[in-house]
Every structure is written in C-alpha cells, then in structure tokens.
Amino acid sequence: DSGVTQTPKHLITATGQRVTLRCSPRSGDLSVYWYQQSLDQGLQFLIQYYNGEERAKGNILERFSAQQFPDLHSELNLSSLELGDSALYFCASSVNSANQPQHFGDGTRLSIL
Amino acid sequence: GQQLNQSPQSMFIQEGEDVSMNCTSSSIFNTWLWYKQDPGEGPVLLIALYKAGELTSNGRLTAQFGITRKDSFLNISASIPSDVGIYFCAGQLANQGGKLIFGQGTELSVKP
C-alpha cells in the first residue's frame, strides 16, 4: 500500500461528459502529480501541484484541469470527453517538489463509450 | 520532447536467471527511479538514484545512475516467479519541478 488513495477505481461514461477524479496523497506529502497511462503513449505526466499551487505542467489538454485543496487532496477534472481520453489516470505524491521519490496510487480506469 | 529509451521491451527467462534492463536518453537527468507495475495496480517504487555513479541495492535488485547522467540500468538476480511484471525507468530533469519522464517499460516473464 503506497498510502496514495484514488477514487473512483473505475469510471464509465459517454463522450461529451465531464468527470472528476480524486486523489489523497500520502500523509506528509505536499506535492501531487497526475499521469495518464495509455497503450500507445505510455505513462505521460500531466500536471503537478505543490502545497496548493501549480508547479509544473506537461502535455495536459485544455479540456483537463486540476487543483489541490488546502487539505492537500487533489482533483483532476476532465471535460468534453472524447473516446481517446480512455486511459488509466494515476496520481502520485512526494514530500517536496523535485529530487524526491514519487509514490503512486492504484489509478482510476476511465472508459469512454 | 525528452525521451527515455528503455530496453529490452520484453524478456522471457527461466526462474533463477539474472535479468538486466537499461534506459538511455540524450538528456541529462538529476534523478533516476525504477518502478514495477503489476496488472490493475499503480507503479511501485523499487529504487531511487540521485547521484551520478550511484549504485543502490534493494534485496535482489541493483540499479545504477550512469556517470554521464544520461543512462541507468536495473539488474535482478536469481529471478523468481513473483518478479513477473512491467518495469519502468523514470527520470527527472533539472528545473522541471517533479515531472517524471517514463521509459516504455520492460515486460518480464519468468518461467518456473
């Protein structure tokens, strides 16, 4: 158990819809990261928050947004969903921002029908 | 963008054999991490490396941070069936926060 909790585990929805994925970091970790894993792209970094503020951004689509709340949990919002958004979405956390090991949750599997 | 080339893509070995996999890049990394992912689960951290030349072990696993800071390898000695899974290398570049760049993964199969 990594200590990183992601909900829901599975999500099935339709094109055009909006979903919210939730992540609770390990106790004491200030940084939260979101990654997308798909068969063709592998594991891709989306965005990082550190103590409530955005710290780094990857190739995150404009239809996607995230935030980190005062209690340090984070949410990833995906809107106007397309078939290609079907993937595993992972959250990871670390104590600080850089040069720290990142521990991953078990992911949310998003299926777009 | 930055890429990590991980090889081999897959390995089929006999229980008890040693395994070696590596990652290379054209970019210089500050940190190298090795993860293992089992089906339906998230990547689990195996070893973290922070200095060029660093050699670190975790049980039967040994990993090294290359001197040039552009590569890393992971060795597994005396493999056992529970070593089956996908192994990923990941690196962090300087001045990019905590962003991890992942290799494509090495799928390991162990025959008892």
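In this numbering scheme, every chain counts its residues from 1 along its sequence in written order. Chains carry letters and ligands carry numbers; both start at the beginning, A for chains and 1 for ligands, and go up in the order they are written. With the structure being a predicted model, the display of local features is reserved for residues of pLDDT at least 70 and the display and counting of side-chain atom pairs for 80 or more, all residues being used for whole-chain, interface and lining totals. The side-chain quantities take in all heavy atoms of the structure and omit both hydrogens and water.

Looking at the overall build of chain B
The line we're drawing: Only runs of H or I of at least four residues qualify as helices and only runs of E of at least two qualify as strands under DSSP, and these elements are numbered from the N terminus. Between buried and exposed lies partly exposed: a residue is buried under 20% and exposed over 50% of the maximum accessible area for its type, with that area taken using a 1.4 Å probe on protein chains only. We call two residues in contact whenever any of their non-hydrogen atoms come within 4.5 Å of each other. Here the accessible surface of atoms and residues is derived via Shrake-Rupley with a 1.4 Å probe, and residues count as covered only by protein chains that are part of the display. Working convention for charge: Lys and Arg count positive, Asp and Glu count negative, and His plus the chain ends are omitted. Where a charge lies is defined by one atom per residue type, namely NZ (Lys), CZ (Arg), CG (Asp) and CD (Glu).
When helices and strands are counted, chain B shows zero helices and eleven strands. Going from the N terminus to the C terminus, chain B shows its helices and strands as β-β-β-β-β-β-β-β-β-β-β. Structurally, chain B occupies a C-alpha span of about 45 × 30 × 20 Å along its principal axes. In chain B, buried positions account for 46% of the 112 residues. Taking the contacts inside chain B whose residues are at least 6 apart along the sequence as the reference set, 53% of them involve residues at least 24 apart. Carbon together with sulfur atoms contributes 50% to the accessible area of chain B, which is approximately 5,200 Å² in total. Within chain B, the 9 negative side-chain charges are centred at a point lying 11 Å from the centre of the 7 positive side-chain charges.

Some thoughts on the side chain of His73(A)
Residue and element names in this part refer to chain A. So the rule is basically this: Pairs of N or O atoms are called polar contacts if they sit within 3.5 Å, as long as, within protein, a hydrogen donor faces a hydrogen acceptor (for residues adjacent in sequence, only side-chain-to-side-chain pairs).
Tracing the backbone shows histidine 73 in the loop between strand 7 (64–68) and strand 8 (74–78). Among the polar contacts listed, one links the side chain of histidine 73 to the side chain of arginine 22, at a separation of 3.2 Å. Setting aside anything within four residues of it in sequence, one finds histidine 73 in contact with Arg22, Cys23, Ser24, Pro25, Gln67 and Gln68.

Focus on the sheet that holds strand 7 of chain A
Residues and elements named next belong to chain A. Inclusion rule: For two strands to count as paired, DSSP must find a minimum of two bridges between them. Axis lines are fitted to C-alpha atoms, over the contacting stretch for helices. Their N-to-C directions set the angle, which ranges from 0 to 180 degrees.
Strand order in this open sheet of four strands is 1-3-8-7, and the pairing throughout is antiparallel. The open sheet terminates on both sides in strands that have one partner only, identified here as strand 1 (5–7) and strand 7. Strand after strand, the sheet turns through a mean of 15° between neighbouring axes, direction not considered. Pairing between strand 1 and strand 3 (residues 19–24): three bridges, direction antiparallel. Pairing of threonine 7 across the sheet is with arginine 22, part of strand 3.

Some points on unusual backbone geometry
Residues and elements named next belong to chain A. Cis geometry marks the peptide bond from threonine 7 to proline 8, where omega comes out at -10°. The topology assignment puts proline 8 in the loop between strand 1 and strand 2 (10–13). A positive phi angle, near 80°, is found at leucine 72, a position not held by glycine. Here leucine 72 shows up in the loop between strand 7 and strand 8. Classification of leucine 72 by relative accessible area gives buried; the value is 17%. Phi angles above zero are rare outside glycine, and serine 80 is one such case at about 45°.

A look at the packing of aromatic side chains
Applied cut-off: The aromatic pairing rule takes the rings of Phe, Tyr and Trp, using the six-membered ring of Trp, and pairs them if the centres are within 6.5 Å, calling planes under 30 degrees apart stacked, those over 60 edge-to-face and the rest tilted.
Enumeration according to the criterion identifies ten aromatic pairs over all chains in this entry. Both rings, one in Phe104(A) and one in Phe102(B), keep their centres 6.0 Å apart while their planes meet at 80°; by these two values the pair is edge-to-face. Pair noted here: Phe104(A) is in strand 10 (residues 103–104) and Phe102(B) is in strand 10 (residues 101–102), and the two residues belong to different chains. One exposure class covers both Phe104(A) and Phe102(B), and it is buried. Look at Phe29(B) and Trp32(B): their rings are 4.9 Å apart centre to centre, the planes differ by 50°, and that puts the pair in the tilted class.

Some words on the interface of chain B and chain A
It is common to give the size of an interface as the accessible area lost on bringing the parts into contact. Keep this limit in mind: Reported buried area values correspond to the accessible surface (1.4 Å probe) lost by two parts on association, with both partners' losses combined. One speaks of a salt bridge when a side-chain nitrogen belonging to Lys or Arg is within 4 Å of a carboxyl oxygen belonging to Asp or Glu. Gly counts as polar in this scheme, as do all residues outside two lists: the nonpolar Ala, Val, Leu, Ile, Met, Phe, Trp, Tyr, Cys and Pro, and the charged Asp, Glu, Lys and Arg.
Residue-level contacts link 20 residues of chain B with 20 residues of chain A. Carbon and sulfur atoms make up 56% of the area that chain B and chain A hide from each other, which totals about 1,500 Å². Its largest share of buried area at the contact with chain A, chain B owes to Pro43(B), Lys99(B) and Phe102(B), together 26% of the area lost on that side. Inspection of the region where chain B meets chain A yields zero salt bridges. Connecting chain B to chain A are six residue pairs in polar contact (both at pLDDT 80 or more). In terms of residue count, strand 4 (residues 31–37) of chain B provides more of the side of chain B that touches chain A than any other element does, four residues in total. Partitioning the side of chain B that touches chain A into residue classes produces nine nonpolar, nine polar and two charged.

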